[in-house]
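# Summary of structural features
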Amino acid sequence: MHGPTPLEPMDRLSEEIGGPRIWLKRDDCTGLATGGNKTRKLEFLMAEAIEQNADTVVTYGAVQSNHARQTAAACAKLGLSCHLVLSERVRWPHPSYVRQGNVQLDKLFGAHLHICPVDDVATQRARLLQRFADAGRQVFEIPAGGSSLRGALGYSQCLQELVSQCDAQGIAHDMIVHASASAGTQAGLVFGRSLLDVDCHILGINVFHPDPQTLKGRIRQLAEDMFNAWPAVTALQPLQIDVNHAYLGDGYGLPTQACIEAITMAAQLEGVLFDPVYSGKALAAMIDQINLGNFSHLNDVVLVHTGGSASLSAYVDAFEA
Ligand SMILES: Cc1ncc(COP(=O)(O)O)c(C=O)c1O
């Protein structure tokens, strides 16, 4: 990846809405195939694939998965065959959804796409794994979102990077906001916080789970499993897990009006692109929390930009409505 990613002020946006100075951790600039948070996870995951002499990678996601697109690019770079099992879990009825955005890029990177209903993912998976076993291929499987123990480490490293940037520039890191879905990003951050004894509040904005308790449970489980997997590291603080569920709207992959407005504001005031599934909902949440006065005690707030703008063209209808 390209790192450290920049930490930039959003001064025109901060001025527009008032409240603390907004800082953007530019993980949309991680450098691989238009960037995003999965590149940090893939640094660790692809190392694991190479360690295991894999020739084929299989991973999972929604049709417009950013994780799938970054995995496809990483496989292209490393000369591995890439199979993406993409589930039709989002009811976005426009033809652009299945042709443009990440889908177009997955194909450009030479990945093999297996698009299927959510209920068929297990069957597709079994069929593919059997096919590769019969052919004597060495498969490396990556869970949806790259949210394994090693993948999540990418975000512990991100926290360390962010804290040293804040310290060097005199920025307070009391509040760190980001979009949360498959738990790996938030588990990596909270694991890092505990391990490095960082004084900060990590606020995940739920953009995926109908029930936020499921997300909280997954984050806790993953972070605890990380401590169990590497017994040489010690928790210096209890795990802090905070998930805000107020910005999901009608569900995963369905843009809210506030999210479309927030994306438009960031584009027109800052020249930065956010997406309608993940980072745009986190941006909308942060703006709303500032407007509600919930961050009025802070000098600075950090928003981790986890990427996703590659899906914008798939959602053209949301912006034309
Ligand atoms: C752009 C973007 N932001 C945020 C997330 C959420 O990260 P995580 O799945 O690690 O919770 C994802 C992936 O799911 C993503 O693609």
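None of the values given here were measured: they were computed from a predicted structure. (Residues numbered from 1 in each chain as written. Predicted model: local features only at pLDDT ≥ 70, side-chain atom pairs only at ≥ 80, totals over all residues. Heavy atoms only, no water.)

Once that is clear, we can look at the site of the ligand. Taken together, 16 residues are adjacent to the ligand, and Lys38, Lys41, Ser182, Thr185 and Thr306 come closest. One of the side-chain N or O atoms of lysine 38 is found 3.1 Å from an oxygen atom in the ligand. Note that an oxygen atom of the ligand is positioned 3.3 Å from one of the backbone N or O atoms of alanine 183. For the ligand, whose free accessible area comes to 380 Å², the fraction covered by protein is 97%. Within the residue set of the shell around the ligand, elements represented by two or more residues are α2 (38-51), β7 (175-180) and α8 (184-196). Here the shell around the ligand is built from residues that sort into four nonpolar, ten polar and two charged. For the shell around the ligand, the two domains that each supply at least three residues are domain 1 (7-37 + 152-320) and domain 2 (38-146). (Near = heavy atom within 4 Å. Polar contact = N/O pair within 3.5 Å; in protein donor to acceptor, adjacent residues only side chain to side chain. Areas by Shrake-Rupley, 256 points an atom, 1.4 Å probe, with all protein chains shown as cover. Helix = DSSP H or I, 4+ residues; strand = E, 2+ residues; numbered from the N terminus. Nonpolar A, V, L, I, M, F, W, Y, C, P; charged D, E, K, R; others polar. Domains from an automatic or database assignment.)

Glancing now at the pairing of strand β8 (residues 201-206). Sheet faces and side chains relate simply in a regular strand, where the side chains alternate between the two faces. Extensive coverage of β8 is indicated by the burial of five of its six residues. With α8 bridging β7 and the parallel β8, this β-α-β connection has right-handed handedness. Note: β8 against strand β9 (residues 242-244), three bridges, orientation parallel. The residue bridging isoleucine 205 from the neighbouring strand is asparagine 244, located in β9. (Buried < 20%, exposed > 50% of the residue type's maximum accessible area, 1.4 Å probe, protein only. Right-handed = clockwise from strand over helix to strand, strands pointing away. Pairing = 2+ DSSP bridges.)

Right, let's get into the packing of α2 against helix α3 (residues 66-78). Relative orientation of the contacting elements α2 and α3 amounts to 45 degrees, with a least axis distance of 10 Å. Relative to α3, the element α2 is oriented oblique. Judged by the sense of rotation from one axis to the other, the crossing of α2 with α3 is right-handed. Residue-level inspection shows Lys38, Thr39, Leu42, Met46 and Ile50 of α2 in contact with α3, the latter providing Asn66, His67, Gln70, Thr71, Ala74, Cys75 and Leu78. (Axes fitted to C-alpha atoms, helices over the stretch in contact; angles between N-to-C directions. Parallel < 35°, antiparallel > 145°, perpendicular 65-115°, else oblique. Left-handed = near helix turned anticlockwise from the far one by under 90°. Contact = heavy atoms within 4.5 Å.)

Its domain assignment divides the protein chain into domain 1 (7-37 + 152-320) and domain 2 (38-146). Centre-to-centre, using C-alpha coordinates, domain 1 lies 24 Å away from domain 2. Tallying the contact residues gives 34 residues for domain 1 and 28 residues for domain 2. Between domain 1 and domain 2, the buried area comes to about 2400 Å², and carbon and sulfur atoms account for 59% of it. (Buried area = accessible area lost by both parts, 1.4 Å probe.)

Here we come to the packing of aromatic side chains. Going through the model one piece at a time under the given rule, you end up with six aromatic pairs. Ring geometry for tyrosine 97 and tyrosine 315: centres 5.8 Å apart, planes at 80 degrees, overall edge-to-face. Here tyrosine 97, found in helix α4 (residues 96-99), pairs with tyrosine 315, found in the loop between β10 (300-304) and α12 (316-320); they are 218 residues apart in sequence, far enough to count as distant. A relative accessible area of 5% means that tyrosine 97 is categorised as buried. A residue is classified by how much of its surface remains accessible, and tyrosine 315, at 0% relative accessible area, is buried. Relative to tyrosine 278, the ring of tyrosine 252 has its centre 5.9 Å away and its plane inclined at 65 degrees; by these criteria the two rings are edge-to-face. Here tyrosine 252, found in the loop between β9 and α10 (257-270), pairs with tyrosine 278, found in the loop between α10 and α11 (279-291); they are 26 residues apart in sequence, far enough to count as distant. Of the two residues, tyrosine 252 and tyrosine 278, neither departs from the other in class, the shared state being buried. Taken together, the ring pairs connect Trp92, Tyr97 and Tyr315 into an aromatic cluster. Over the ring of tyrosine 155 we find arginine 40, and its NZ or CZ is 5.7 Å from the ring centre. (Phe/Tyr/Trp six-rings, centres within 6.5 Å; stacked < 30°, edge-to-face > 60°. Lys NZ or Arg CZ within 6 Å of the ring centre and 35° of its normal.)

Next up on the list: helix α7 (residues 149-169). Taking 1.5 Å per residue, 21 residues should reach 30 Å; α7 reaches 31 Å between its end C-alpha atoms and fits that length. Remark: glycine 170 follows α7 within two positions and exhibits a positive phi of approximately 70 degrees. (Expected span 1.5 Å × (residues − 1).)

Across the sheet, six strands lie side by side as β1-β2-β10-β7-β8-β9; this open sheet has mixed pairing. The open sheet has two edge strands with one neighbour each: β1 (7-9) and β9. Adjacent strand axes in the sheet meet at a mean angle of 30 degrees when their direction is disregarded. Bridging between strand β2 (residues 21-25) and β10 involves five bridges; their strand directions are parallel. Paired with arginine 21 across the strands is aspartate 300, a residue of β10. Running at roughly 135 degrees to β2, α7 makes contact with β1, β2, β7 and β10 of the sheet.

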